[in-house]
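Letter by letter, the chains look like this.
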Amino acid sequence: MNAPLPGPLNDNPVLDRWVTFPSAGKVTVLTGRVELGQGVLTAMAQISADELDVAMSRITIRSGDTKKAPNEGYTAGSQSIQFGGVALGQALAEVRALFLDQAGKVLACKVSELSIRDGSIYRNGKSTGQDYWTLAGAVDLAIKATGSAARKSVSDLKTIGANSARLDLPAKVFGDSVFIHDMRINGMVHARVVRQPNRDATIGSVDESAIRHAAKGPVEFVRNGNFLAILGGNESAVEAAGAAAANHVTWENVEVPTPLQQEANWLLQRPAVDRPFGAEPADPKGRERFERTYTRAYLAHASISPSCGLALYKDGQLTVWTHCQGVYPLRASLAKTLKLEPSSIVVHHVQSSGCYGHNGADDAAADAAIIAMQKPGQPIRVRWRREEEFIYEPKAPAMIVKVRALLDEAGRPTDWTQEIWSPTHNQRPGAGGNLLGALALPDPPPEPPPNDVPEANGGGATRNGEPLYNIPAKRMLHHLVTEAPVRTSALRGLGATSNVFALECCIDELAERAGQDPVQYRLSITTDARARAVIEKVAVMAKWKAGAAAGSGRGRGIAFARYKNRAAYSAVVVELSVDEAITLHNVWCATDAGLVINPDGVINQLEGGIIQAASWVLKEQVRFDNGIASFDWETYPVLKFSEVPEIDIELINTKDKVPLGAGEVTGGPTAAAIGNAVSHALGARIRDLPLTRERIMAALLRE
Amino acid sequence: MSKTFDFSVNGKAVSVSLDNEETPLLDVLRNELGLMGTRFGCGLEQCGCCMVLIDGAPEKCCTKPTWSVAGKQIVTVEGLGNAARPHPLQQAFLDEQAGQCGYCLSGILISAKALLDKNPKPSRAEIAQALDGNICRCGSHNRILRAVEKAATALRAGAAR
């Protein structure tokens, strides 16, 4: 009987899109998910080893390649394992079944007598001389999956659930050429783009001789409309020219964001599309009302390497190398921008530094492609400058979250409204935005209509806007602000960070109002067994004690979320102290990510999410002052080694049947747990991020 | 007119001819000598991705003019060890799975090497301080600190033998 196929397998049902047996003893596994430093390819190899019964060392993973790999859209949203891994596992289970059927025919025996060990077929425990590779010629994998094969049961898993060393890490520790920045192609030239400051800005004048003088080496100019690039064989000269160009190219119709616009409150009273969700308005009569407003500022992805892209246009074929999250969506956007057929473009993924969402990767690839179209036969390498990455990467939008609750006699919420003001979290190419370079071309594509990540995919600004707690009536009102001062798009967690920060801080405020301990209060309003389990677990790990007095300068806070209300569950406790600044001491985290493929890999991601969120909350804000004033690591500082807390993480329920995406789950709970711990330490609440020294002082004076 | 500069990289003598003597050492390592292990992160000496040892001292080389290293000894991450003969630091980073994207690791390994050369038994706080000139954005900090501690122990044990 045929079962419904997991989404990505339904989209790419032909089995040889997922696996091939290229030569004796070798397996090639293909996935649409790409390595962003999150260790996903190692996890895919683990899944493959178990489903095929082969050693991991036989497996080569190919990923993110529009020629061969399956189209799985973007590697984003903590969906790689929960959806992509499940699809891959199902495809491989089916392939394994096909080989066993064929072996049964060749050996004239029942399939139930057969087993596979490291790729070899055994009959009643005895070697048969047959294996995947002897049978491969007779097994047609160019057929569609049917969903009929059973996956391994959890008790039969060997590689899944065991710590596996990251396959990509050795090359990085030995300094090999693994990153896109390290790619060199014969005849390649380096390029820097003189960036159009904003859509509709036009070039006034270009002082080519001044730029050439600054380059101290030969450079060439390539221009198409308001897209201007500097090319040359010597990267040092091209870099110097790119840096100098800002002073020697003038622009008309320049719009710059102002300091006023950098604050979240600027979003109020702006043109917006109002999007209501959930329960009808309730009658507040006779019930206690609670209302609080929380905000956070614009954030940068601040990837450690500036974006890079390579392209070659030759014989009517465009080949692009990129570190973007979705090679197929990029191909579609490039086709539209360059007026080519998608079939004449091949996009390859190459590793880069962590992106944490939509950074400059797609745009750098587009820059290279635009230049390559004007220089047929010449491989083009564009590498953004540091300042360019900070200024032109899409920002995580500022957000305002207003919580309104009606309370019962015990101080528990019976009605919850989360009102959200936010620009879009989705201007990925092909989804809600254009490639940056395309806007400078003579015939720029039209602005897409305002939209955000669909709620069916977890939502953008509305992500985690609905509490998981038992509250009889819940609703959200999302004001999708359509005129943002800067381009905004997806950063790890999207709206979940602000929504969880607001709602989990409000839960603490309600607990305090009800005279209850924050842990007990949370348990009193949730019956979800898995939610309760992580909250109870983290309380034990942190040796949580109810009733610790507030205002001592040292404080503890707890927070909880289930990412998107449908991926992993995580509870976090933070201990910190506050004087003029905040010092983080300890973080404890209990997470239920369901079936865990690589426990150490998941812990690494959870830790990374905690540290990154701590950095957002304590330090980060993109500042505007006659343009983007956060343009390097001094104007956009992030958490340093000496500022990182001790972190203790435990995974629970790891042998569940189903994996739940975990890469983004700790961000919101960490932000809120820090907010709650600061309030506990100070005896005063700060509701705006980041938690700057000025805000600490103001909160102390206020209360 | 090009000028020639002689120095050593990872124990090998090199001679580089440059039209512009101000060319950053990082560009020479990557584009002239093909040593891609030293990464470009900012070009501003802020992030530490381009850290190398110059006569034993850790230095960011993304803006360091090549003329200034003439006659000096440079060590890059490739000079620490390789898959066949990993340096104890590299081995410890693998043992602790200390990294995510790995882009910052070359510079961090070099900073850690410089620290352990000077201070074979650093405290956790001393390690953190020595690495404050290196930015890690993925949040692998604690693993990296553990790995450096582990390497220090291994190096001390090796020295004692």
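Cut-off values and rules
Residues numbered from 1 in each chain as written. Chains lettered and ligands numbered in written order. Predicted model: local features only at pLDDT ≥ 70, side-chain atom pairs only at ≥ 80, totals over all residues. Heavy atoms only, no water. Domains from an automatic or database assignment. Contact = heavy atoms within 4.5 Å. Buried area = accessible area lost by both parts, 1.4 Å probe. Salt bridge = Lys/Arg side-chain N within 4 Å of Asp/Glu carboxyl O. Polar contact = N/O pair within 3.5 Å; in protein donor to acceptor, adjacent residues only side chain to side chain. Helix = DSSP H or I, 4+ residues; strand = E, 2+ residues; numbered from the N terminus. Nonpolar A, V, L, I, M, F, W, Y, C, P; charged D, E, K, R; others polar. Phe/Tyr/Trp six-rings, centres within 6.5 Å; stacked < 30°, edge-to-face > 60°. Buried < 20%, exposed > 50% of the residue type's maximum accessible area, 1.4 Å probe, protein only. Core = buried A, V, L, I, M, F, W, Y, C linked by side-chain atoms within 4.5 Å.

**Q** I'd like a description of the domain arrangement of chain A, backed by residues and values.
**A** All names here are of chain A. Under the domain assignment used here, chain A contains domain 1 (7-164), domain 2 (180-254 + 302-392) and domain 3 (399-425 + 460-702). Just the C-alpha atoms count here: the centres of domain 1 and domain 3 sit 38 Å apart. In this complex, domain 1 contributes 20 residues to the contact, which on the side of domain 3 involves 21 residues. Buried area between domain 1 and domain 3, summed over both chains or domains, comes out near 1400 Å², and the portion from carbon and sulfur atoms is 54%. Considering only the surface of domain 1 that becomes buried against domain 3, S78, Q82 and V154 emerge as the three largest contributors, covering 37% of it. Counting the contacts that link domain 1 with domain 3 gives 0 salt bridges. There are 11 residue pairs in polar contact (both at pLDDT 80 or more) connecting domain 1 and domain 3. Among the elements of the structure, helix 2 (40-52) and helix 3 (80-107) are those that each provide at least two residues to the side of domain 1 that touches domain 3. Tallied by class, the residues present in the side of domain 1 that touches domain 3 amount to 8 nonpolar, 12 polar and no charged.

**Q** Tell me about the interface of chain A and chain B, and please be specific about residues and values.
**A** At the junction of the two partners, chain A supplies 61 residues and chain B supplies 52 residues. When the two sides are added together, the surface that chain A and chain B hide from each other amounts to roughly 4500 Å², 55% of it contributed by carbon and sulfur. The largest contributions to the chain A side of the interface with chain B come from F174(A), I304(A) and F641(A), which together make up 21% of the buried area. Our count for the contact surface shared by chain A and chain B stands at 6 salt bridges. Our count for the contact surface shared by chain A and chain B stands at 29 residue pairs in polar contact (both at pLDDT 80 or more). Those elements that provide at least two residues to the side of chain A that touches chain B are helix 5 (169-173), helix 7 (235-248), strand 17 (380-383), helix 14 (599-619) and strand 24 (646-651) of chain A. Considering each element in turn, the side of chain A that touches chain B owes the most residues, 10 residues, to helix 14 of chain A. Tallied by class, the residues present in the side of chain A that touches chain B amount to 25 nonpolar, 17 polar and 19 charged.

**Q** Run through the packing of aromatic side chains, naming residues and quoting values.
**A** Residues and elements named next belong to chain A. For the structure shown, the criterion picks out 11 aromatic pairs over all chains. Arranged with centres 4.8 Å apart and planes meeting at 25°, the rings of F21 and Y132 form a pair that is stacked. Highlighted residues: F21 in the loop between strand 1 (19-20) and strand 2 (27-31) and Y132 in helix 4 (residues 132-135), separated in sequence by 111 residues. A single burial state applies to F21 and to Y132, both of which are buried.

**Q** Kindly report on the nonpolar core, identifying the contributing residues and their values.
**A** All names here are of chain A. Counting 85 residues, the largest nonpolar core has W416, V574, L576, I582, I674, V678 and L691 as the members making the most contacts within it. When residues of this core are assigned to their parent elements, the largest contribution, 9 residues, is made by helix 11 (residues 496-513). Dropping the residues within four chain positions of it, I674 is found in contact with V574, L576, L584, A614, V617, L618 and L691.

**Q** Tell me about the domain arrangement of chain B, residues and numbers included.
**A** Residues and elements named next belong to chain B. When cut into domains, chain B gives domain 1 (3-79) and domain 2 (88-160). Computed from C-alpha coordinates alone, the two centres of domain 1 and domain 2 are separated by 22 Å. Listed as interface residues are 16 residues of domain 1 and, on the opposing side, 13 residues of domain 2. The interface formed by domain 1 and domain 2 contains 0 salt bridges. When residues of the side of domain 1 that touches domain 2 are traced back to their parent elements, those giving at least two are strand 3 (51-54) and strand 4 (57-60). Counting residues per element, the side of domain 1 that touches domain 2 draws most heavily on strand 3, which supplies 3 residues. Class assignment of the residues belonging to the side of domain 1 that touches domain 2 gives a composition of 9 nonpolar, 5 polar and 2 charged.

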